[in-house]
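Understanding the architecture of this molecule
In case you want the letters, here they are:
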Amino acid sequence: ETWIGGDIHAPFHDKNAMRASFDQIDLFRPKNIFLHDIFDCWGVNHHERKNRFLNTAKQMDGRINIEKEVDLAVDCINDFATSSNDDCRVVVVSSNHDDALDRWLREEKIDNLGINAAYFHYLSYNKHKSVKKVSTGFSFEDAFQFTAKEKLKANYSKESFDKVTFLGRDVSCAILDVEFGYHGDVGVNGSRGSALGLSKIGIKTTIGHSHSPCVVDGCYQVGVNALIPLGYAKGASSWLHTNCLQYPNGKRTLINSINGEYYL
């Protein structure tokens, strides 16, 4: 079996939803676990960069420290690695909230760094060091994946580190006839991603991103393992705590949990 978790958004993961997720992993003993938006990047989120009131509140509450937020996400990754059976692979799918860390490195003004200054410059230095020349220009290592791998290797067991794979953008990871390498934020030809759009690419997919579980032809979309709603979400919502399970024959099912309870 393969288990695909709803978006986690540490440090905003929902305790009941996470308990149900680990219970499912214990029950099904999957060979593969896929994690989407494991990291939120709330402390330095670009969407809230100009909100002086929220940013002041974050600072007063000690929530602006982005390295601590990364540490919580890596804790989550390790939890999945240690909760699974020995031959299980844990795959962290490249996601848009992970990408927000790179955007912070590219765009943040140096005089706004505050408590994050040392970590910012450390990540920037290693981003520069990672440059590789490719046929279309240059490539750089993903900042979140770089620092998460370092922390996982330094602070947790070798067994946990060896079980985890960080999947780069546009890197295929197919099991049977289903592709798991897409988070769901990017669609066809760079358009905005959606289950409808990815249902038309000619292969079956299982994605995250939109937080609302659905099935559109060959595309299955999970929900979240995060709090509902997150702070930026307004109005009526179709978000749900939903994971996906793929059976050994390739068939899939969505598993909804309500207050930590789920039924099969």
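Here, the structure is the one placed above.
Read on for an overview of the structure. (Residues numbered from 1 in each chain as written. Predicted model: local features only at pLDDT ≥ 70, side-chain atom pairs only at ≥ 80, totals over all residues. Heavy atoms only, no water.)

Thoughts on the overall build of the protein
Rules: Secondary structure elements follow DSSP: runs of H or I no shorter than four residues count as helices, runs of E no shorter than two count as strands, and numbering proceeds from the N terminus. Radius of gyration: over C-alpha atoms. The globule rule applied is 2.2 Å multiplied by the number of residues raised to the 0.38 power. A contact between two residues is defined here by any heavy atoms of the two lying within 4.5 Å.
A tally of regular secondary structure across the protein gives 8 helices and 14 strands. Radius of gyration (C-alpha) of the protein: 18 Å, near the 18 Å computed for a compact globule of 264 residues. Considering only intrachain contacts with a sequence separation of at least 6, the fraction spanning at least 24 residues in the protein is 67%.

Side note on the side chain of histidine 97
Here histidine 97 lies in helix H4 (residues 96-107). Once residues within four sequence positions are removed from consideration, histidine 97 is found in contact with His9, Asp37, Phe39, Asp40, Cys41 and Asn45.

Looking at empty space enclosed by the protein
In this approach the atoms are scanned with a rolling probe the size of a water molecule, which exposes any empty space left behind. For clarity, the cut-off: Two kinds of site are reported from a 1 Å grid over the protein atoms alone, namely cavities, where a 1.4 Å probe fits but cannot get out, and pockets, open sets with protein on both sides within 12 Å along at least five of seven lines, and residues are called lining when an atom falls within 4 Å of a point. Grid points are joined across faces, edges and corners, and a volume is the space filled by probe spheres set on the points.
Going through the model one piece at a time under the given rule, you end up with 1 cavity of 30 Å³ or more. Space inside the largest cavity adds up to approximately 30 Å³. Those elements that place two or more of their residues in the lining of the largest cavity are helix H5 (117-129) and helix H6 (143-155). Here the lining of the largest cavity takes 3 residues from H5, the largest share from any one element.

Points about the pairing of strand S9 (residues 204-207)
Where we set the bar: Strands qualify as paired when DSSP identifies two bridges or more between them.
Of the strand pairs in this sheet, strand S8 (residues 178-179) and S9 are connected by 2 bridges, and their pairing is parallel. Bridging from a neighbouring strand, glutamate 179 pairs with threonine 205 of S9. Taken together, the 3 bridges between S9 and strand S11 (residues 219-221) define a ladder with parallel strand orientation. Considered in S11, the bridge of threonine 205 is made with cysteine 219.

Here's the deal with the layout of surface pockets
For the record, the criterion: Gly is placed with the polar residues, together with every amino acid not listed as nonpolar (Ala, Val, Leu, Ile, Met, Phe, Trp, Tyr, Cys and Pro) or charged (Asp, Glu, Lys and Arg).
For the largest pocket, the calculated volume is near 620 Å³. Every residue lining the largest pocket is counted, 26 residues in all, and those nearest its centre are His47, Asn96, His97, His209 and Tyr232. The residue inventory of the lining of the largest pocket, partitioned by class, reads 8 nonpolar, 10 polar and 8 charged. Of the voids in this model, the second largest pocket is the one considered here, and its volume is about 410 Å³.

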